[in-house]
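Okay, here's what each chain looks like letter by letter:
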Amino acid sequence: MIKENLEIVESNIRKACEKAGRERSEVTLIAVSKTKPVEALREAMDCGIRVFGENKVQEMKDKNAVITEDLDWHMIGHLQANKVKYLPGMACMIHSVDNIKLAQEIEKQFAKNDMKIDVLIEVNMAGEDTKFGLAPQEVVTFVKEISALPHLNIRGLMTIAPYTEDPESNRQYFRGLRELKDEINGMNILPVPMDTLSMGMTGDYQIAIEEGATFVRVGTGIFGERDYSLKS
Ligand SMILES: *Cc1c(COP(=O)(O)O)cnc(C)c1O
């Protein structure tokens, strides 16, 4: 089933790229494997997938300990400062930076390991109470504040759009995130302009690609529905 699902997702990504006049190589598919067993990840790996997204540090650690192949692990979930110490040498990108304390802890832990880490700033584009992330109007100030942290490469922005049956209704948020990135790049705050937009999930990744996503995070569309009752 995972193989067939991946074929469908890949075909949809290609169509969206074509529609938007973008190259397929501009978009990276992150297979969101949270709650899924290692066997499911192996099935995806057999289809050539090497980029995985997890939203819990412990789960990423557990899977990383069992799978010896060289994978790109993306931390996509809300991150507690006391868990950051496990990420150096494991995660290749953190998508969910949304407060100074967290940014400072990331700086501290990666400096300790003499490593740099690619980070994205999470933005709550729709202003949903239930979601983490900065309000769009807070982002410029935040970028200025964390731009001085030498072990963080601020690569771009991430958003989780509202759950909806109508993906078209999320286009405004994806477009808004791209415009925010362009605005910040125009201000020359960062030594290197941001080049990354992590946006689009199973329900809306085609729209996100049309609006400039460079990472799409797809879980259900690859691995099927998640069963949280199996977890602690
Ligand atoms: C779970 C999750 C996804 C994947 O969601 P699906 O709807 O299953 O594709 C993407 N991004 C984040 C941050 C997630 O937590």
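Structural data are supplied above this passage.
Just so it is clear, the model here is predicted, and its values are computed rather than measured. (Residues numbered from 1 in each chain as written. Predicted model: local features only at pLDDT ≥ 70, side-chain atom pairs only at ≥ 80, totals over all residues. Heavy atoms only, no water.)

> Any chance you could explain helix α3 (residues 57-66) here in plain terms?
Because each turn of an α-helix spans 3.6 residues, side chains separated by three or four positions end up pointing in the same direction. Residues of α3 that are buried: V57, E59, M60 and K63. Looking straight down α3, one finds that the buried residues subtend no more than 160° of arc, so they occupy a single side. (Buried < 20%, exposed > 50% of the residue type's maximum accessible area, 1.4 Å probe, protein only. Helix = DSSP H or I, 4+ residues; strand = E, 2+ residues; numbered from the N terminus. Arc of directions from axis to C-beta.)

> When you look at the pairing of strand β2 (residues 51-54) in this model, what are you seeing that I'm missing?
Here is the key point about a regular strand: its side chains alternate between the two faces of the sheet. Residues of β2 alternate between two faces, with V51 and G53 on one and F52 and E54 on the opposite face, all of them buried. Relative to β2, strand β1 (residues 28-32) runs parallel, the two sharing 2 bridges. When the bridges of β2 are listed, A31 appears paired with F52. Handedness of the β1-helix α2 (residues 38-46)-β2 crossover: right-handed. In this sheet, strand β3 (residues 72-75) lies alongside β2 in parallel orientation, the contact comprising 4 bridges. Its bridge partner being in β3, V51 is matched across the sheet by D72. Between the parallel pair β2 and β3, the chain is carried across by α3, and the sense of this crossover is right-handed. (Pairing = 2+ DSSP bridges. Right-handed = clockwise from strand over helix to strand, strands pointing away.)

> Before we go on, may I ask you to explain the site of the ligand in this structure?
Taken together, the neighbourhood of the ligand is formed by V32, K34, I76, I160, M201, T202, R217, V218, G219, T220 and R226. Taking R217, its side chain carries an N or O atom lying 2.8 Å from a nitrogen atom of the ligand. Take T220: an N or O atom from its side chain is 2.5 Å from an oxygen atom of the ligand. Burial of the ligand by the protein amounts to 89% of the accessible area it has alone, namely 390 Å². In terms of residue class, the shell around the ligand is made up of 5 nonpolar, 3 polar and 3 charged. (Near = heavy atom within 4 Å. Polar contact = N/O pair within 3.5 Å; in protein donor to acceptor, adjacent residues only side chain to side chain. Areas by Shrake-Rupley, 256 points an atom, 1.4 Å probe, with all protein chains shown as cover. Nonpolar A, V, L, I, M, F, W, Y, C, P; charged D, E, K, R; others polar.)

Worth remembering: the numbers are spatial, not functional.
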